Amino acid sequence: MVETAFEPRIIGYLCNWCTYTGADLAGTSRLQYPPNLRIIRLMCSGAVDVSYVLKPLLHGADGVLIGGCHPGDCHYQEGNYKARRRAAILAESIKVMGLDPRRVWLRWISASEGQRFAETIASFTAELKQLGPNPTRVLWTL
Amino acid sequence: MAKSEEGTPEKRPVGAVAVIGAGIGGMQAALDLADGGFKVYLADAGPAIGGTMAQLDKTFPTNDCAMCIMSPKLVETGRHLNIEILTMAEVVSLGGEPGDFTLRLRKKPRFVDTKTCTGCGDCAAACPIQRPDPFNANLSMRKAIYRRYPQAIPNAFAIEKRGEAPCRHACPIEQRAMGYVALVREGRFADAYRTIRQDNPFPSVCGRVCNHRCEDDCSRATAGDTAVSIMRLKRFVSDWARSHPDEIQPMALALAAQGPNAGRSPLEALQGARVAVVGSGPAGLTCAADLARLGCRVTVFEALPVPGGMMRVGIPAYRLPVVEVQSDVSDVLSLGIELVLNHRVEDASELLAQDFQAVFVAVGAPIGQKLRISGHELPGVLLATEFLRAVSLQSAGLADGASAGPGGQRTPTSEDGTGVMGKRVLVIGGGNVAIDAAMTALRLGALWVGMACLESREKMPAHDWEVRDAEAEGIQVYPARTFKEITGSDDAIGDPGTPAAGGTVSGDTNSANEEPDGRAPAPATGGTARGRCWSADAGNHVTGVRTARIIFRGFVGGRPDFDEVPGGEELIPCDVVIFAIGQRPDLALLPGEAQAGRRTIAVEGETLATQVPGIFAGGDAVTGTAFVVDAIASGHRAARSISAYLCQPGGPVAVWPPALDAGERPAQAVLDPQEARALLAAKPDRRAEPRKRPANERKRDFGEIEAALTEQEAVAEAQRCLECGICSECLQCEFACRAGAVRHDDREETVDLNVGAVILAPGLKTVAGNVRPEYGYAVFPNVITSLEFERMLSASGPYGGVVQRPSDGRHPRKIAFIQCVGSRDLTCGQDYCSSVCCMYTAKEAIMAREHDANVEPAIFYMDVRAFGKGFERYYKRAEHEQGVRYVRSMVSCVKEVPGSQDLRLLYATPDGKSTEETFDLVVLAMGLRPADGTLEMAERLGLRLNRFGFAESPPYGPAETNVPGVFVAGAFAAPKDIPETVIEASCAAAKAAALLAPARGTLARQPVYPEERNVSHEDARVGVFVCHCGINIGGVVRVPEVVDYVKSLPGVVYAEHNLYTCSQDTQERIKQHILEHGINRVVVASCTPRTHEPLFQDTIRQAGLNPHLFELANIREQDSWVHRADRDAATSKAKGLVAMAVAKAARLRPLYRRRVDMDHRALVVGGGPAGLTAALSLADQSFDVHLVEREEVLGGNLRHVRPGADASPQQVLADLIDRVGRNPRISVHLGARVSGVTGYVGQYRTTIRYGDGQAEELSHGAAIIATGGRASEPHEYLYGQHPCVITQRELESRLTDAGGTSPVASGSGDAESEDAAAGQGGAWVMIQCAGSREDAHPYCSRICCTQAIQNALAIKRRDRQAQVTILYRDIRTYGFRELLYQEARAAGVRFLQYNEDAKPAVAPAEHGLRVEVVAQPDGERFTLPADFVVLAPAIEPNDGAVELAQMFKVPLSEDGFFLEAHAKLRPLDFAADGVYLAGLAHSPRFVDETMAQAHGAAMRAAALLSRDQLQSAAIIASVNPRLCAACGICVDVCPYSARRINPDEGHAEVLEVLCQGCGACVAACPNGASYQRGFEFRQVFGMVDAALEEAWHDLPAGSS
């Protein structure tokens, strides 16, 4: 088997109204970023269930990104606040499971921030490269 | 009010409305009306909807991203079934009457088909023309083909053209000269070659010998400079192409494949049709080439042994090397044209008799002519045509004595078959052919060469440079001569001067009586043209030409008109005479009736058809001798006619395709002189002059005289082009567009719309930046306008959201904002207030700090006008929390600091001294004006405008105009912000809807679908369609590989790839495959679902599938466009994304919308002006209304309003109450309070309770809250303690009820005492903000400044001696109310400003009162005696709001006003559908504003009530009751009150019509009992699994 360089696998839950649209704008603007992200569109970051984050991390994803509207901009008034609270609790609880909370990012990226989106993916990818593969990935490979 | 209720119209009105202007106001009006059951035409002058709001970065006071909040509205407008968007449209006229108008619009050409354009942007990448981008306030560049902004709707490009560039306009073949010049500038020579070849099959020829009329008309030349050297650029490109055959190859193939009419489907009738072309000159070959590209089989017959006609045998090689002609000709022949050489066609009709379906005769005019003067038959008298032909054929080795050098060059030393070597040669004629003959003779070794002609030296037909070239080579010119005879002799040659005896023949020398010297240039096979034209051995020979000097006046009736100069006879000695005085065609091959006299062939002008059906003729044979380019033009024309003829033989010969011709050419681009000057100054000015070989050297051989431009010279020359046409028409966009959407021949259209009403919302523009020259805009680079700064702040703006100085890109630290530039300024005619600048500046200052915390913003202002809802808080936050420095001072001038380009501001400090301060950047807060074109539009509609150009509405008639049935919204009525615009748009929509109520629903369409297939029992059968999107996806992602991979995925039964999956034909394919393969889930892998999902959902619905059995994989915006450099990773990711979509699709379930019957009645709570107006508006729109008022009388606050003693509010109120009372649709419930609300949108049950305790239940579908507000009670300034301290309202009562000017007058109403009081000079001190903008009411009450000024003016009108002083903090007379402020100051009302921390003090005095105030800005103390002190108390919401809010489950703001769903875009709605708000319950406002709001709220309600059923959203939450523990968490988290615990069932449930589908409750549910339809756990997990199963793109170590 050919040895491969570590390329992080990221699952991204993006809210339909801001961050997903921002990701589209990155495309329309032809901004280039690493191909390590697989996007799952949700209606609101407030709909990101805890299990949405845990499942990929337990199944070998190296990072999970939650993208929502800036505070105050939520299409559903306060869904992003809910996401923020949930993410804070989650960060604490996954430590207990032996997972690194740096593998879960919550970012506010608006529909006009294509640049910010591209930069976020680039820096998240870079950070995950530093962290190395998610231990669960190794376990599953074994 | 709308005219609708004045009598019932006899006929039903038209159920359609035209909305002009598609900014946020236009969109809102369109959506309201379309939702309310009307057909809407939404027209905009630009290429996309969105207006000014699309340009904004953030919006105040919430700092929302403007595009984020607007883009759902854009999409909704774009998708709405009953909104038809018309872009590039302007109003021409309005006919008919209210209810039945004909609105005529002019639709300017867009040049791109919006239906076909996929918005991919390939065209813009190919376009060579850069333009300043007005969307980015010209801070960045865009292409001539552009999209206004990335999210634009329609998501299609448009081309900016000023007209046809003059170079193209002047050219007979409409060569796109500007196009290839632009491409040369870009160094894109292969593309340039293709552009040239598109119109011109002979670029090498025309690059050398064209008379380039393009350059005569070049805008550079007309602007007083020298023309761009267009012809030489063409030669450069053709030379480059010749030396880069590999790069040209694909072009040639594309040209051959494409046909001359790219984008049009080939015509069946032309495929394989046989056409004969007689003559292989430029006309014949052009026609042959065009027809071959259209699919015809063409045979060209040529009498000579070589093809090319006069290009080949008429033009000497030193001007046009033979090899160049040959290569152009062979390029043409390579299109599959058969060439038959040495074949003289004797009779064109015979070709028709053979199997040719059409014949094109292009035999040229090869027959020379002589003057029939004495001696013209002598040997040694030659014809230029034959002479040049012989030389040319000899050089090619096709004639005797040939010794052609390489490239057709000859040396004069070689044996010469023409016999001019060593002779004296005189050429008769002054045109180009004469020059050619003379210079050729010189090169053949003639001893001496002269030229003689009728014309004067200046008027010679040859180009001046040609004559000069000839003279430089030593050719002697004899202008202004007539020719008497050619003298001859038997003597030895070399003895000129002795006329030969008997050699003279008298002739009619005064006429140009030419005589053809016989028939035809005999072909080589015939032998007569072979070898020498003339032999000196023939004995009798020429000795000279006897001429006479003349004064030539031109030709009259074909004859020369001149006077001989007495004594001007001169014998010019020579041995050889060459006539170059004209040529004519050989007509023998056509029947006599097809000939025009003896000179040319007669054709029908436009079509070139001869009298013989099927035979066409063109080129020199028809026109007489002309330039190559004319012949090419003729060939193109013939090809069009012949193709039309072939499509319909025997029918009338029409020009085809019509768009290319028929006199409909676009107008020529004309540069504005000022712009031309600026462009000339900005571009290189030196024209590349040709480098010619020295005369002495070049005259020895046939080598080319002129050298080609070097690459560097060519690019520099191309940079000189002024690009006056804007679009260069280079066609690169058309070549790049794989969807075939580009339409360069698009023409202006007129559209007539039959509509019942018109709403005008054309929007605004900012005042020109240099309106105040002393601020240095456009002079100093770091002085910018607010709009420029707005774009700078925008993340998608020119600098990507980085705040930087235009001059050096440095981050500015100190930024000065100067307010009121072009506002409140009499000096520039802009004396009104623009209403929004104070707030947008506060926002810009805050955002600048947010971008860079080091920024120190300073705002220079006169008054801060933070009068709207939430504005005062925003302003205070800017000042106290965000570090924004507010300086109350007007800046007198801005100067640049030499060297640093910093800016020095001169302004006055509070102590009155002037000071200077240096800033890095200055932002001018530009005032607002109506948009461009509104003046003209108003004129066409007969609309009354105020003196500033804004539309005038009658008092208390918001949105109305002087033209019945025409309404106005937004900034065209007055400068205003977004929420006010949105409110007014809904108001205008309400008025239109009232006018057209009987026609509601008559023109609105409903979609029709087949019955839905039940797939619940089937296994998932997924069909996948992967899109190439031209090259947008396919150029990066290996699409076929993705398709192969997809086929292996579980559940996939079919997969294919498409060039454009969104194209109409692919929709049909998808439907077909669904039926054929039993597909029950569809996945499309293409672009973003945000724009394209509805299209595909509609398609599968048409095929009988539930639209939610669809999933889109975004492999363009989120894959191919962002991983362009890595095809492997992009392909791998595409596979993953499609697999994820397939995984989700396989788990999708059909979704259905819950329907609820609509109760069409409305409830209006509150009987003040807002409630009354809303009730009437709804009733006018034919809805029944319950109007509930808690008091026993209607009228609310308005009962007390008499601004400046003006009685009109009371008249308005009386009118409203009267109309409500008479309206049978309105049930008024007086003395009743709402005591309970149950139900939900569409089905409310509200209980009201009367004063006597009686209750009544009202059923309704929607509610409008209009509970109003009241003036607060002042607690300071001795109010309530001293009788002469009163409120403004109390003052109004006094002013109205009595004379009121005297402090003692208290309502006697006695006219005499009023008169006595007049002139007494009472003293009035008004104190503003007596309650507002303080802790108790930390907001601005909006109306008090205007109210005080109106009352002050009323006092002044009654008593000019009265002393009125207004103590204020900021005067907030926004909009045109500013004019009242100016009037008051002019009238002598005194204004003193005080600060919040040094409030005035009121004390009783001996007579009346005494007011002490510290006046700002200089802190001077005043003690003012006052007969009356008048206070402006705050406006606060009425009590009861809290209870009502709880009952309707709607929120209140921290100030107790009702809180709308969204401050900007939903100012009249609550978050939950079905409840709306208006009036003081919303925020303090004027009566007319309240009425606008009430109409708007009524419209919002009406749009809902007009539906028969309400549909829930499809994506909503659901509950699995088995898992639900009824814990109630979901009820708490739902922001829409869409959750409740069903008491009967004991579990949570979803009120489906209320649920907005955010999914918050699902994530919150601790039991997993809740799920979100369309985003179920198993669907999301399926995607996660698919993503993690994918191989991804792990690369071998070290390779990445």
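Just above, that's the structure.
Residues numbered from 1 in each chain as written. Chains lettered and ligands numbered in written order. Predicted model: local features only at pLDDT ≥ 70, side-chain atom pairs only at ≥ 80, totals over all residues. Heavy atoms only, no water.

1. A word on the overall build of chain B
Along its length, chain B carries 45 helices and 73 strands. With the C-alpha coordinates of chain B rotated into their principal frame, the extents come out at 140 × 90 × 75 Å. Evaluated residue by residue, chain B yields a buried proportion of 61% over its 1600 residues. Contacts in chain B between residues far apart in sequence, at least 24 positions, make up 73% of those at least 6 positions apart. (Helix = DSSP H or I, 4+ residues; strand = E, 2+ residues; numbered from the N terminus. Buried < 20%, exposed > 50% of the residue type's maximum accessible area, 1.4 Å probe, protein only. Contact = heavy atoms within 4.5 Å.)

2. Regarding the sheet that holds strand 63 (residues 1401-1404) of chain B
Residues and elements named next belong to chain B. Spatial ordering of the open sheet is given by 63-64-65, a layout of three strands whose pairing is antiparallel. Two strands close off the open sheet at either side, each with one partner strand: strand 63 and strand 65 (1420-1426). Within this sheet the neighbouring strands show an average axis-to-axis angle of 20 degrees, counted without direction. Note: strand 63 against strand 64 (residues 1409-1415), four bridges, orientation antiparallel. Opposite P1404, over in strand 64, you have L1409 as the bridge partner. (Pairing = 2+ DSSP bridges. Axes fitted to C-alpha atoms, helices over the stretch in contact; angles between N-to-C directions.)

3. Some thoughts on the packing of aromatic side chains
Summed over all chains, the structure comprises 37 aromatic pairs over all chains. A centroid spacing of 6.2 Å and a plane angle of 55 degrees characterise the contact between Y1374 of chain B and F1486 of chain B, whose relative ring orientation is tilted. In this pair, Y1374 of chain B is assigned in the loop between strand 61 (1363-1368) and helix 40 (1378-1386) and F1486 of chain B in the loop between strand 68 (1475-1477) and helix 42 (1487-1505), connecting sequence segments 112 residues apart. Grouping residues by exposure puts Y1374 of chain B and F1486 of chain B together as buried. Three or more aromatic residues joined by ring pairs make a cluster, and in this case those are F60, F867, F871, Y1374 and F1486 of chain B. Here the guanidinium or amino end of K55 of chain A rests over the ring plane of F1581 of chain B, the centre of that ring lying 5.3 Å away. Positioned above the aromatic ring of W105 of chain A, the side-chain terminus of R107 of chain A is 4.0 Å from the ring centre. (Phe/Tyr/Trp six-rings, centres within 6.5 Å; stacked < 30°, edge-to-face > 60°. Lys NZ or Arg CZ within 6 Å of the ring centre and 35° of its normal.)

4. Here's the deal with the environment of A580 of chain B
Residue placement: A580 of chain B occurs in the loop between strand 25 (576-579) and strand 26 (583-584). Distance from A580 of chain B to L383 of chain B, taken between C-alpha atoms, is 6.4 Å for residues 197 residues apart in sequence.

5. Let's talk about the pairing of strand 15 (residues 358-361) of chain B
The side chains of a regular strand alternate, first on one face of the sheet and then on the other. Residues and elements named next belong to chain B. Burial along strand 15 is two-sided: A358 and F360 and V359 and V361, pointing in opposite directions, are all buried. Direction of pairing for strand 12 (residues 274-278) relative to strand 15: parallel, over a ladder of four bridges. Its bridge partner lying in strand 15, V277 is registered against F360.

6. Focus: the sheet that holds strand 13 (residues 297-301) of chain B
Residues and elements named next belong to chain B. An order of 14-13-12-15-29 is seen for the five strands of this open sheet, with the pairing classed as parallel. With partners counted over all chains shown, the strands left at the sheet margins are strand 14 (338-340) and strand 29 (615-617), one partner each. Strand after strand, the sheet turns through a mean of 20 degrees between neighbouring axes, direction not considered. Packing of helix 12 (residues 282-293) onto the sheet brings it into contact with strand 12, strand 13 and strand 15, and relative to strand 13 it is tilted by some 165 degrees.

7. Regarding the nonpolar core
Grouped together as the largest cluster of nonpolar side chains are 162 residues, with contacts concentrated most on Y13 of chain A together with V1024, L1178, F1448 and F1458 of chain B. Considering each element in turn, this core owes the most residues, 10 residues, to helix 34 (residues 1127-1146) of chain B. Look past the residues within four positions of L1178 of chain B in its chain and what remains in contact with it is A1162, V1164, F1183, V1185, I1264, A1498, A1501, A1502 and L1505 of chain B. Ranked by size, the runner-up nonpolar core spans 54 residues in total, among them I24, A152, L995 and L996 of chain B. (Core = buried A, V, L, I, M, F, W, Y, C linked by side-chain atoms within 4.5 Å.)

8. Description of the pattern of salt bridges
Residues and elements named next belong to chain B. For the coordinates displayed, the defined rule picks out 131 salt bridges over all chains. In this structure, D1128 engages R1038 in a salt bridge whose closest nitrogen and oxygen atoms are separated by 2.9 Å. Of this pair, D1128 sits in helix 34 while R1038 is found in the loop between strand 45 (1022-1027) and helix 30 (1039-1047), placing the two residues 90 residues apart along the sequence. What you see here is one network of salt bridges that share partners, running through R197, R208, R235, D239, R242, E324, D328, D331 and E704. (Salt bridge = Lys/Arg side-chain N within 4 Å of Asp/Glu carboxyl O.)

9. Points about a nonpolar patch on the surface
Residue and element names in this part refer to chain A. Residues L58, V96 and M97 make up a contiguous nonpolar surface patch of roughly 290 Å² in combined accessible area. Mapped onto the secondary structure, L58 falls in helix 2 (residues 50-58). L58 gets classed as partly exposed once you look at its relative accessible area, which sits at 36%. (Patch = residues over 30% accessible without salt bridge, like charges linked within 9 Å, V, L, I, M, F, W, Y side chains within 5 Å. Areas by Shrake-Rupley, 256 points an atom, 1.4 Å probe, with all protein chains shown as cover.)

10. Comments concerning the interface of chain A and chain B
Interfaces are frequently sized by the accessible area removed from exposure as the parts join. Tallying the contact residues gives 59 residues for chain A and 61 residues for chain B. Summing both sides of the interface, chain A and chain B together bury roughly 5100 Å²; the carbon and sulfur share of this comes to 59%. Among the residues of chain A in contact with chain B, R9, R30 and R38 of chain A are the three that bury the most area, contributing 15% of the side total. At the junction of chain A and chain B, the tally comes to three salt bridges. E1093 of chain B is paired through a salt bridge with R41 of chain A; the nearest N and O atoms lie 3.6 Å apart. For the pair chain A and chain B, the number of links is 15 residue pairs in polar contact (both at pLDDT 80 or more). Breaking the side of chain A that touches chain B down by element, the ones donating at least two residues are strand 1 (10-15), helix 1 (19-28), strand 2 (37-42), helix 2 and helix 3 (79-96) of chain A. The element best represented in the side of chain A that touches chain B is helix 1 of chain A, accounting for eight residues. Taken together, the residues of the side of chain A that touches chain B sort by class into 28 nonpolar, 16 polar and 15 charged. (Buried area = accessible area lost by both parts, 1.4 Å probe. Polar contact = N/O pair within 3.5 Å; in protein donor to acceptor, adjacent residues only side chain to side chain. Nonpolar A, V, L, I, M, F, W, Y, C, P; charged D, E, K, R; others polar.)

11. A look at the state of the cysteines
All names here are of chain B. Taken as a whole, this structure holds zero disulfides over all chains when the rule is applied. Its sulfur unpaired, C123 is 6.2 Å from the next cysteine sulfur, which belongs to C117. C123 gets classed as buried once you look at its relative accessible area, which sits at 9%. (Disulfide = S-S within 2.5 Å.)

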